Amino acid sequence: MILETPIYTVKENSAAETSVGKVDADDEDIWSELTFKLVNIQGEGDVASLFKIDNNGNITVAANANLDYETKNEYRVKVVVTDNGLSHGFTNLSAEAVITIQVTDEDEKPGFDDKYPTFSVYENSKAGTDVGTVSATDDDCKDNTCATLTYTLVADTVAANANDYKEFKIDASTGKITVAKDSTLNYEVDSLYYALVVVSDGTLKDTARVTIKIKDANDKPVIENKTLTVPENSQAGTVVGTVPAKDEDKWSKLTYSLADVNTNDQVAKLFTVDNNGVIKVAKDSTLDYEERNEYQVLVIVTDNGSDKGFENLSDTAIVTIKVGDENEPPEFIDDGKPSYKVAENTAAGTEVARYEIKDPDAVDANFATSLKVSLADNNTQNDILAQNLFNI
């Protein structure tokens, strides 16, 4: 007979072979050898498969029992003990009792639904851009005994840069990961980030390794203001200078154009620019320091983002072009007369002819404005040279 029908306890999540307790049975026959087995009770489910009992009455947890307090915290099963009367010419006799096994609650650690999530986000994303959400569950919440879960981001040892996680933020209560700062993610510099997410119930923790892939976006080309110089009177095609632009996208092809800074001052037409950013003097342009010694044009550089499914992006720069002063030759204004007559014995100092002489640099402080004028005989074979007869 079974001496008692006790109530046993075992912790939830106990491993296979964990001891539950011992069922004691007694038989007055000194030759008796008892065997024990567990039998399901109708309506109680397959409890017998969750536990084992040996022939000493020791009950242990069976493999794959997965005892979970929050799912079910009490089991009832029948224990049947049988003697070996048949081996002594008698009928085997049995006794049975119903035992109760109570599963006790344990503080269970939270666990991530996915311990290796992968998310993606475009480079140059603004702060607050959604990256993805990690989620964890706590079995203790099934019976309302769990604490609030909190999420934190920490460095991952596999990350080449220990500060990877600082590029992102996580909502402590929801597990939502967002971009931390404006436009710091750069596909061309780093296209892969790693971080660890730790979830805690205040006592126990679990960890997930998050991989964040940075997707390529169209980076805006960058061009800076510049000052260039070109000599006055430069011919068409003369190189003024180069205005280089930068674009981090290796696939980018840049095109350049010129526009007027001030639409009322249409000077962009005086110059050209090619797709290497080289500015030249345009055809039919006249650059005259004395007339104007400085121009400003707008250089526009545009990428080919549309070829990659993006929007074309542009940047502009103001280029100041200074016209360099050159010493220009003076010019005689011919009065059109082929010759002049002068009477013999004309007194010295008598005016024979008057020429107008112009010097473009006359208004230019960079060069001397006084002109030196002299006479030379057109035919040096003459016995009497003109410069000896006339003064100028």
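Note that the structure is a prediction, hence the values are computed from the model and not measured.

Student: In this structure, what is going on with the pattern of salt bridges? I would like to understand it.
Tutor: If charged atoms from side chains of opposite charge come close, those side chains can pair. Taken as a whole and judged by the stated rule, the model has 8 salt bridges. Salt-bridge contacts for Arg209 lead to Asp156; the nearest nitrogen and oxygen are separated by 2.7 Å. Here Arg209 is found in strand β16 (residues 205-215), whereas its partner Asp156 is found in the loop between β12 (150-154) and β13 (168-170), with 53 residues between them in sequence. The partly exposed category is assigned to Arg209, whose relative accessible area is 28%. Two residues, Glu294 and Lys322, come together in a salt bridge whose shortest N-O distance is 2.8 Å. Taken together, the positions of Glu294 in strand β24 (residues 294-302) and Lys322 in strand β25 (residues 314-324) put the pair 28 residues apart, joining distant regions of the chain. According to the relative accessible area criterion, Glu294 is partly exposed, its value standing at 32%. Exposure remark for Lys322: the relative accessible area of 35% places this residue in the partly exposed category.

Student: What exactly am I supposed to notice about the pairing of β12 here?
Tutor: Consecutive side chains of a regular strand alternate in pointing toward one face of the sheet and then the other. Because side chains alternate across β12, one face comprises the buried residues Tyr151 and Leu153, and the other comprises Thr150, Thr152 and Val154, none of which is buried. Two strands pair when backbone bridges link them, and β12 and strand β15 (residues 192-200) are joined in this way by 5 bridges, in the antiparallel orientation. Across the sheet, residue Thr152 finds its bridge partner in β15, namely Val198.

Student: I would appreciate a short explanation of the pairing of strand β9 (residues 118-122) in the present structure.
Tutor: Here β9 shows one buried face, formed by Phe119 and Val121, and one open face, formed by Thr118, Ser120 and Tyr122. In this structure, β9 lies alongside β16, joined through 5 bridges in parallel fashion. The residue bridging Thr118 from the neighbouring strand is Thr211, located in β16.

What counts, and where the lines are drawn
- Residues numbered from 1 in each chain as written.
- Predicted model: local features only at pLDDT ≥ 70, side-chain atom pairs only at ≥ 80, totals over all residues.
- Heavy atoms only, no water.
- Salt bridge = Lys/Arg side-chain N within 4 Å of Asp/Glu carboxyl O.
- Helix = DSSP H or I, 4+ residues; strand = E, 2+ residues; numbered from the N terminus.
- Buried < 20%, exposed > 50% of the residue type's maximum accessible area, 1.4 Å probe, protein only.
- Pairing = 2+ DSSP bridges.

All quantities given are derived from atomic positions and should not be read as evidence of function.
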